[in-house]
Amino acid sequence: MARALVNLAVGTVVFFLLFLLSQSNPSTSPPRLLPPPHHGARPAMVLPLFPSSKNSSRTFLHSHRHLLRSDSHSSHPNARMRLYDDLLLNGYYTTRLWIGTPPQQFALIVDTGSTVTYVPCATCEQCGRHQDPKFQPDLSSTYQPVKCNLDCNCDSDRVQCIYERQYAEMSSSSGVLGEDIISFGNQSELVPQRAVFGCENEETGDLYSQHADGIMGLGRGDLSVVDQLVEKGVISDSFSLCYGGMDIGGGAMVLGGISAPSDMVFSYADPVRSPYYSIGLKEIHVAGKQLSLNPSVFDGKYGTVLDSGTTYAYLPEPAFLAFKEAILKELNGLKQIRGPDPNYSDICFSTASSDVSELSKTFPTVEMVFGHRQKLLLSPENYLFRHSKVHGAYCLGIFQNEKDPTTLLGGIIVRNTLVTYDREHSKIGFWKTNCSELWERLHITGALSPTPSSSGKGNSTESPTTTASDGSPHYDFPGKIQIGKIILDMSLSTNHSYLKPQINKLTEFIAKELDVNASQVHLLNFTSEGNSSLVRLAIVPSDSSTYIYKETARNIISRLAEHRVKLPDTFGNYQLVQWKVEPSTKQTWWGRNYMVVVMALIIIVVIGLSVYGVWGMWRRKQQTVNSYKPVGAAAPEQELQPL
């Protein structure tokens with residue numbers, strides 16, 4: 001009897017478990033993969049400054065690209081462009097340019113220390129794998145090579161003009177010069193213009209390995225984009241850069257003049273002093289106290305150079321030692337710790353808070369004083385960077401420039417600062433602001449001009465992509481839905497036969513780049529078209545949640561759409577062709593908790609049957625022990641005997 005009850009209990013448990021498994025894994029057929037996009041289809045053309053992947057504290061620290069050799073009230077139009085990437089994560093900012101007809105897109109490092117703009121050419125055999133495909137002159141109906149003439153260096157055959165550039169960090173770029181239509185994106189009042197640029201045939205060093213496609217030269221020189229546009233008379237002789245703050249990244253750029261805010265701080269910029277943008281730095285104050293330095297210390301060699309292609313700031317030895325001593329004196333109550341990279345002697349401090357807005361309560365203010373006593377106030381985010389290994393710790397982002405007497409001010413100094421390079425009036429202006437709200441703060445509005453696009457559909461979406469007030473793409477979701485799944489269609493310039501055995505690695509890399517668990521990324525399907533592949537993926541909620549937060553969904557979509565996801569070179573270049581979100585299924589209380597209820601019932605049944613079985617066995621045993629039979633009573637065997 002007890003054995004039968006136990007068997008019944010086990011059978012019941014097995015039945016319920018099989019039932020639960022069948023309900024938790026419903027059979028679903030993956031949706032049919034959408035057809036590949038038209039050839040040449042491109043995502044929405046927006047010109048922003050943005051960030052890339054996290055590296056050590058100074059990945060591009062010494063990669064400042066020094067070559068070895070506007071009227072604010074103007075009626076001229078300007079080109080408003082967004083910046084992408086992050087100063088410390090990538091070591092640079094990039095913007096988007098479109099070259100040719102139809103336009104071919106490129107992500108170019110914004111560099112005031114370079115004078116030529118160049119992109120990898122289709123004929124280049126010694127170019128690295130970058131964010132976008134190489135420029136193909138044969139596909140542009142408006143491309144023309146710049147023929148050899150007296151004003152340029154010519155190739156060995158004396159047929160075409162060439163360029164060569166070498167940089168202080170031992171990287172180089174060389175190629176031919178071409179002329180084509182350059183488009184500045186859908187925030188630009190400036191219509192596309194013909195301009196000369198470099199078509200790379202060889203690159204070395206950091207230029208070969210970087211994720212960005214090339215360089216956008218904003219320095220002074222005949223090949224500079226700014227100089228060419230000014231020479232054409234289409235913009236005033238001025239441009240502006242505005243870098244995002246700590247933990248924000250991105251920013252904005254303007255080619256042409258803007259109305260300077262009334263409280264903008266200006267410094268004279270001598271165009272003859274050096275080939276770079278030099279300012280007249282005279283003093284540095286820490287916590288309101290002037291460093292005991294002769295002003296001539298900031299005038300050595302190239303003077304004080306402002307360079308957007310440099311990440312940090314570098315002072316001549318006397319100035320750095322005085323600055324370091326003043327900072328340590330102000331922070332003698334903070335614990336000093338090791339830096340994130342053992343190869344550098346970083347000066348780092350541990351604090352109780354990781355909130356950027358609270359830094360000014362702990363760290364002193366720093367002021368840079370120019371001629372005519374104009375002062376630029378630096379908040380802690382302008383001279384500190386986050387410790388990448390210790391939460392709540394920060395390190396000095398100002399270093400000694402070895403034995404070089406040049407004062408070099410990189411992007412960290414002007415985070416959340418609008419910098420206007422007014423070349424027409426030989427001055428550079430600084431205005432502290434939130435760069436993500438630059439247009440509103442400058443009261444700049446206006447309709448966006450049509451985006452240059454190639455034939456076919458751009459970044460079409462099931463849910464709309466609009467433009468926010470700061471010019472950044474904004475990803476909308478209908479109503480108040482709770483997102484249960486994100487469907488992503490991606491095109492990769494990788495052969496189908498190669499990708500097939502690597503598909504699991506691809507999903508792992510994507511999960512890592514999107515900061516989600518690998519179990520949340522599901523491959524739905526993939527197919528091929530020529531030498532490219534189309535992949536459909538689904539991002540689902542984590543095991544601990546029933547839906548995806550809208551902010552998380554926006555972050556996932558924007559990182560893919562804006563090429564902020566870095567994949568190994570073996571997977572080629574990618575484009576987000578299309579995306580859509582699906583709402584989570586609304587469940588009743590029973591639907592959300594039926595598993596718990598069923599398991600509780602199973603446990604109760606098992607316990608009840610076990611108790612009943614034990615009680616039955618105990619009762620039977622008691623009956624056997626206490627049974628009484630009178631003397632002479634017939635045994636069962638005897639009762640079966642025939643009479």
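Every value quoted in this text rests on a predicted model; they were computed, and no experiment measured them.

Draft legend 1. Geometry of the nonpolar core. Within the largest apolar cluster, 89 residues are counted, with the highest numbers of intra-cluster contacts made by Leu255 and Phe323. When residues in this core are grouped by element, the largest group, 6 residues, is from helix 5 (residues 317-330). Counting contributing residues, this core receives three or more from each of domain 1 (79-235) and domain 2 (255-412 + 422-432). In contact with leucine 255, other than residues within four places in its own chain, are Asn78, Ala79, Met81, Phe184, Met216, Leu218, Val225, Val226, Leu229, Ile235, Ser238 and Phe239. Of all hydrophobic cores here, the second largest spans 30 residues; its members include Leu499, Leu506, Ile539 and Ala553.

Draft legend 2. Representation of the sheet that holds strand 20 (residues 348-350) in the model. Strand order in the open sheet formed by 4 strands is 19-20-24-23, with antiparallel pairing between adjacent strands. Of all the strands in the sheet, just strand 19 (335-337) and strand 23 (384-386) have a single pairing partner and so form its edges. Ignoring strand direction, the axes of neighbouring strands in this sheet form an average angle of 35 degrees. Sheet topology places strand 19 next to strand 20; 3 bridges connect them, and they run antiparallel. Paired with isoleucine 337 across the two strands is cysteine 348, which belongs to strand 20.

Draft legend 3. Structural detail: the sheet that holds strand 17 (residues 304-306). A sheet is described by the order of its strands in space; here 5 strands give the open sequence 14-17-26-18-25, paired in mixed fashion. Edge strands, defined here as strands with exactly one partner in the open sheet, are strand 14 (278-279) and strand 25 (398-400). Judged from the 2 bridges that link them, strand 14 and strand 17 form a sheet pairing that is antiparallel. When the sheet's bridge partners are listed, serine 278 is paired in strand 17 with valine 305. Packed onto the sheet, helix 5 meets strand 18 (313-315) and strand 25 and runs at close to 130 degrees relative to strand 25.

Draft legend 4. Here's a closer look at empty space enclosed by the protein. Considering only enclosed or pocket space, the largest cavity measures out at about 70 Å³ in volume. Lining of the largest cavity is provided by Leu241, Cys242, Tyr243, Leu306, Asp307, Ser308, Gly410, Gly411, Val414, Thr417, Val419 and Tyr421. Residue classes in the lining of the largest cavity are distributed as 7 nonpolar, 4 polar and 1 charged.

Draft legend 5. Expanded view of helix 4 (residues 225-232). All of the buried residues along helix 4 are Val225, Val226, Gln228 and Leu229. Take helix 4 and look down its axis: the buried residues cluster within an arc of 165 degrees, on one side only. On its buried face, helix 4 sits against strand 9 (193-204), strand 10 (214-217), strand 11 (238-243) and strand 12 (251-255). N-cap assignment for helix 4: the residue whose side-chain oxygen lies 3.3 Å from the backbone N of valine 226 is serine 224.

Draft legend 6. Just the packing of aromatic side chains, in detail. Taken as a whole and judged by the stated rule, the model has 19 aromatic pairs. Between tyrosine 143 and phenylalanine 197 the ring centres are 6.4 Å apart and the planes differ by 65 degrees, which places this aromatic pair in the edge-to-face class. Of this pair, tyrosine 143 sits in the loop between strand 4 (118-120) and strand 5 (144-145) while phenylalanine 197 is found in strand 9, placing the two residues 54 residues apart along the sequence. Across this residue pair, the class does not change: tyrosine 143 and phenylalanine 197 are buried.

Draft legend 7. Seen up close, the pattern of salt bridges. Enumeration over the complete set of coordinates arrives at 12 salt bridges. Measuring nitrogen to oxygen at the nearest pair gives 3.5 Å for the salt bridge that ties lysine 289 to glutamate 330. Of this pair, lysine 289 sits in strand 16 (residues 289-290) while glutamate 330 sits in helix 5, and the two are 41 residues apart along the sequence. Taking relative accessible area as the criterion, lysine 289 reaches 49% and is therefore assigned partly exposed.

Draft legend 8. Structural context of unusual backbone geometry. A cis amide bond links threonine 101 to the next residue, proline 102, at an omega of -5 degrees. When you line up the elements, proline 102 lands in the loop between strand 2 (94-99) and strand 3 (104-111). Positive phi, close to 55 degrees, is recorded for arginine 158, a residue that is not glycine. Along the chain, arginine 158 turns up in the loop between strand 6 (153-154) and strand 7 (161-166).

Conventions and cut-offs
Residues numbered from 1 in each chain as written. Predicted model: local features only at pLDDT ≥ 70, side-chain atom pairs only at ≥ 80, totals over all residues. Heavy atoms only, no water. Core = buried A, V, L, I, M, F, W, Y, C linked by side-chain atoms within 4.5 Å. Buried < 20%, exposed > 50% of the residue type's maximum accessible area, 1.4 Å probe, protein only. Helix = DSSP H or I, 4+ residues; strand = E, 2+ residues; numbered from the N terminus. Domains from an automatic or database assignment. Contact = heavy atoms within 4.5 Å. Pairing = 2+ DSSP bridges. Axes fitted to C-alpha atoms, helices over the stretch in contact; angles between N-to-C directions. 1 Å grid on protein atoms, 1.4 Å probe; cavity = no way out; pocket = protein on both sides within 12 Å on 5 of 7 lines; lining within 4 Å. Points joined across faces, edges and corners; volume = space filled by probe spheres on them. Nonpolar A, V, L, I, M, F, W, Y, C, P; charged D, E, K, R; others polar. Arc of directions from axis to C-beta. Polar contact = N/O pair within 3.5 Å; in protein donor to acceptor, adjacent residues only side chain to side chain. Phe/Tyr/Trp six-rings, centres within 6.5 Å; stacked < 30°, edge-to-face > 60°. Salt bridge = Lys/Arg side-chain N within 4 Å of Asp/Glu carboxyl O.

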